[in-house]
Amino acid sequence: MHPLRFLWLIPCTLVLLIAAEPIWKDKPISNWTEEDARQVLENSPWAKTVVAGIARRRSEDELRDGGQMGQPRGVGYDGVQDKKLPLRQEIGNPLVVGKPLPSTAPTIRLLVRWESALPVRAAEFKAHEDPPPTQSDQGYSIAVYGVPASFAKGDPTSLGKPLKESAALKREGKKDVPPASVEVFELENSVVVVYRFPLSAEIGKKDDVVEFSALIGRLQVSQHFLVAEMEFQGKLEL
């Protein structure tokens with residue numbers, strides 16, 4: 001390449017690098033567009049799409065041994081289907097080299113989001129999206145969106161109570177932190193489950209990675225968050 005042409009490309013490269021910088025790094029909230037807000041809400045250090053596993057249904061014998069009759073109903077059970085490929089697709093074509101057999105494991109995509117983080121609250125305002133109407137805004141609040149619609153109706157706290165024992169924030173070298181409360185809210189076509197963890201957990205930069213883990217009915221959810229990336233305007237926002 002000609003030297004002059006190489007020098008001409010340098011400014012263009014710098015422009016591209018600047019343009020690729022995430023909006024939450026240095027763009028004031030007042031200048032955020034709705035598209036910017038959507039990026040914060042759907043794909044940012046505070047919002048991650050997770051492929052949840054689906055636990056198998058228990059057999060009738062297992063249910064009877066546990067004192068239950070019939071399959072469980074409610075949040076994380078209703079609307080969760082066992083997706084299986086037809087036998088022909090499951091077998092695949094073993095004669096095609098390098099073509100893996102298709103997976104038959106059922107999965108579902110969920111959005112895990114730190115609702116208590118300032119950039120998320122600002123993005124919801126910019127995107128004209130109402131946050132879940134939780135009873136308390138004290139603590140670290142994490143919401144799981146996209147849970148299939150449930151036939152369970154009632155008080156959000158009562159619906160969330162069975163989910164408290166199977167959720168935690170995990171950090172290396174520290175005790176798991178259970179949620180102080182769990183609330184379930186019905187949306188138009190799905191359910192959002194909101195977990196509130198106590199501020200006494202004192203999550204800081206030294207924690208490096210925080211893992212959110214939860215079992216919602218048959219849905220197994222696990223997502224890691226990099227604490228160092230969750231800074232906003234020079235301050236850790238959780």
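Above this text is the structure in question.
A few points on the structure. Given the structure is predicted, the values throughout are model-derived calculations rather than measurements. (Residues numbered from 1 in each chain as written. Predicted model: local features only at pLDDT ≥ 70, side-chain atom pairs only at ≥ 80, totals over all residues. Heavy atoms only, no water.)

**Quick notes on the packing of aromatic side chains**
Step number 1: The final tally for this structure, using the stated rule, is 6 aromatic pairs.
Step number 2: Ring centres 6.1 Å apart and planes at 80° place the aromatic pair Trp-24 and Trp-46 in the edge-to-face group. Pair noted here: Trp-24 is in helix 2 (residues 23-26) and Trp-46 is in the loop between helix 3 (34-42) and strand 1 (47-54), with a separation of 22 residues, a long-range link.
Step number 3: On the basis of an interplanar angle of 70° and a centroid distance of 6.0 Å, the ring pair of Trp-32 and Phe-232 is categorised as edge-to-face. (Phe/Tyr/Trp six-rings, centres within 6.5 Å; stacked < 30°, edge-to-face > 60°. Helix = DSSP H or I, 4+ residues; strand = E, 2+ residues; numbered from the N terminus.)

**Points about unusual backbone geometry**
Step number 1: Non-glycine residue Asp-208 carries a positive phi angle of around 65°.
Step number 2: Overall, Asp-208 belongs to the exposed group, its relative accessible area being 52%.
Step number 3: Located in the positive-phi region is Gln-233, a residue other than glycine, with phi close to 55°.
Step number 4: Inspection of the secondary structure assignment puts Gln-233 in the loop between strand 9 (231-232) and strand 10 (235-236). (Buried < 20%, exposed > 50% of the residue type's maximum accessible area, 1.4 Å probe, protein only.)

**Remarks on the nonpolar core**
A general trend in soluble globular proteins is that nonpolar side chains are found buried together.
Step number 1: Judged by nonpolar contacts, the single largest core of 49 residues is most densely connected at Trp-114, Val-193, Tyr-195, Phe-212 and Ile-216.
Step number 2: Excluding its chain neighbours within four sequence positions, the residues that come into contact with Phe-212 are Val-112, Ile-142, Val-144, Ala-168, Leu-169, Tyr-195, Phe-197, Val-221, Ser-222, Gln-223 and Phe-225. (Core = buried A, V, L, I, M, F, W, Y, C linked by side-chain atoms within 4.5 Å. Contact = heavy atoms within 4.5 Å.)

**Remarks on the pattern of salt bridges**
Step number 1: All chains considered together, the criterion is met by 9 salt bridges.
Step number 2: When the shortest N-O distance is used, the salt bridge between Asp-207 and Arg-171 registers 3.3 Å. Linking Asp-207 in the loop between strand 6 (190-197) and strand 7 (209-216) with Arg-171 in the loop between strand 4 (167-170) and strand 5 (181-186), this pair joins segments that are 36 residues apart in sequence.
Step number 3: Residue class for Asp-207 comes out buried when judged on its relative accessible area of 9%.
Step number 4: You can call Arg-171 buried: its relative accessible area is 9%.
Step number 5: Between Glu-231 and Lys-205 there is a salt bridge whose closest N-O contact spans 2.7 Å. Pair noted here: Glu-231 is in strand 9 and Lys-205 is in the loop between strand 6 and strand 7, with a separation of 26 residues, a long-range link.
Step number 6: Judged by its relative accessible area of 27%, Glu-231 falls in the partly exposed class. (Salt bridge = Lys/Arg side-chain N within 4 Å of Asp/Glu carboxyl O.)

Remember that the coordinates give geometry; whether it matters functionally is a separate question.
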